[in-house]
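The residues making up each chain are set out below.
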Amino acid sequence: IRFVQASGAMITAAVLMLSVALSWPYLTPERGGVAIERETFASFPRQLGDWRQSGIPRRLDDRITEILGADDYRSAYFAKPGATAPVEFFSAWYADQSKGGVHSPEICLPGGGWEIAWLERTDVAERLGSETPFEINRAIIQQGQTRMMVYYWFDQKGRKVAWDFEAKFWLMIDGITTGRTDGALVRLTTPILNNNEAAAEARLQDVLLQLQTPLPRFLPGGPDQR
């Protein structure tokens, strides 16, 4: 190696790389320092299509709220005339995930006594008439004789992703390129009655479709992600 002489191009490239590395902290936006325009979940609609909120939004106890660590959240049940069971809507939003953030249900559910009996990741963009990817997790969870069907996904600046590691990847990219480190988890849950999984899924799909219009007001995307 000692006999190899660096060319002018190699020296120039090395100097440029070193200059970029040294100046990078000054060129990139401050993480978590971007003001985000969004509506708080306090103004979340009480009706989603034919689905009406049942009762008042559920308030989590102090211990769970502390573990959740969200800056804003909403937990409410929605019922529809003729539907045999309600659908629970839950979303937690974080203004700055650089020091924490979204907790994956794959970790939280077993901690709450629920067993994940089945889980798959799928893209429902075509079903929703969307041209951009919309990845969700479809799961069946159980606790004793109780079985529930769950849809959940991570919203990272408008991107709908199913894998928590992908959400962390986009969090890093957004933090570097825009300074935004906000993000959210969205979860829909409904009971499976009489082993009728098709009916449970139909309820989740209906509510999921109705959420597409109001949800961006509370989970803002960006200029390139609507």
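These numbers were taken from a predicted model, which means no experiment stands behind them.

What counts and how
Residues numbered from 1 in each chain as written. Predicted model: local features only at pLDDT ≥ 70, side-chain atom pairs only at ≥ 80, totals over all residues. Heavy atoms only, no water. Helix = DSSP H or I, 4+ residues; strand = E, 2+ residues; numbered from the N terminus. Buried < 20%, exposed > 50% of the residue type's maximum accessible area, 1.4 Å probe, protein only. Contact = heavy atoms within 4.5 Å. Areas by Shrake-Rupley, 256 points an atom, 1.4 Å probe, with all protein chains shown as cover. 1 Å grid on protein atoms, 1.4 Å probe; cavity = no way out; pocket = protein on both sides within 12 Å on 5 of 7 lines; lining within 4 Å. Points joined across faces, edges and corners; volume = space filled by probe spheres on them. Phe/Tyr/Trp six-rings, centres within 6.5 Å; stacked < 30°, edge-to-face > 60°. Lys NZ or Arg CZ within 6 Å of the ring centre and 35° of its normal. Core = buried A, V, L, I, M, F, W, Y, C linked by side-chain atoms within 4.5 Å. Salt bridge = Lys/Arg side-chain N within 4 Å of Asp/Glu carboxyl O.

**Q** In this structure, what is going on with the overall build of the chain? I would like to understand it.
**A** Counting secondary structure elements, the chain contains 6 helices and 9 strands. Within the chain, the fraction of its 226 residues that count as buried is 39%. Sequence separation of 24 or more characterises 67% of the internal contacts of the chain that already satisfy a separation of 6 or more. A total of about 13,100 Å² of accessible surface is found on the chain, and carbon and sulfur atoms cover 56% of it.

**Q** Before we go on, may I ask you to explain empty space enclosed by the protein in this structure?
**A** Any space left empty among the atoms is revealed by the rolling of a water-sized probe across them. All told, the structure shown has 1 cavity of 30 Å³ or more when counted by the stated rule. The computed volume of the largest cavity comes to approximately 80 Å³. Around the largest cavity sit Gln97, Val102, Phe154, Asp155, Gln156, Asp164, Ala167, Lys168, Gly183 and Ala184, which together line it. Listing elements by their share of the lining of the largest cavity, those giving two or more residues are β7 (146-156), α5 (164-177) and β9 (183-191).

**Q** Help me understand the packing of aromatic side chains in this model?
**A** In this description, a pair of aromatic rings is defined by centroid distance and the angle of the planes. The final tally for this structure, using the stated rule, is 9 aromatic pairs. Taken together, a centroid distance of 5.2 Å and an interplanar angle of 70 degrees make the contact between Phe169 and Trp170 edge-to-face. Among the aromatic residues, those joined into a cluster by ring pairs are Phe41, Phe44, Phe78, Phe89 and Phe218. Directly above the ring of Phe41 sits Arg38, whose terminal nitrogen or CZ lies 5.3 Å from the centroid.

**Q** Any chance you could explain the nonpolar core here in plain terms?
**A** Soluble globular proteins tend to bury their nonpolar side chains together. By size, the foremost hydrophobic cluster in this structure holds 30 residues, and its most contacted members are Phe44, Phe89, Phe134, Leu188 and Leu208. For this core, the elements supplying multiple residues, two or more each, are β3 (72-79), β4 (87-94), α4 (125-128), β6 (135-143), β7, β9 and α6 (197-211). With 5 residues, α6 is the largest single contributor of residues to this core. Discounting chain neighbours no more than four positions away, the residues touching Leu188 are Val87, Glu88, Phe89, Met149, Val150, Tyr151, Leu204, Val207, Leu208 and Leu211. Core analysis: the next-biggest nonpolar cluster, separate from the first, contains 16 residues, Leu68, Ala92, Val102 and Tyr152 among them.

**Q** Just checking my understanding: could you explain the pattern of salt bridges for this structure?
**A** For side chains of opposite charge, pairing can occur when their charged atoms come near one another. The full count for this structure, using the stated rule, is 11 salt bridges. Residues joined in a network through salt bridges with shared partners are Glu120, Arg138 and Glu201.

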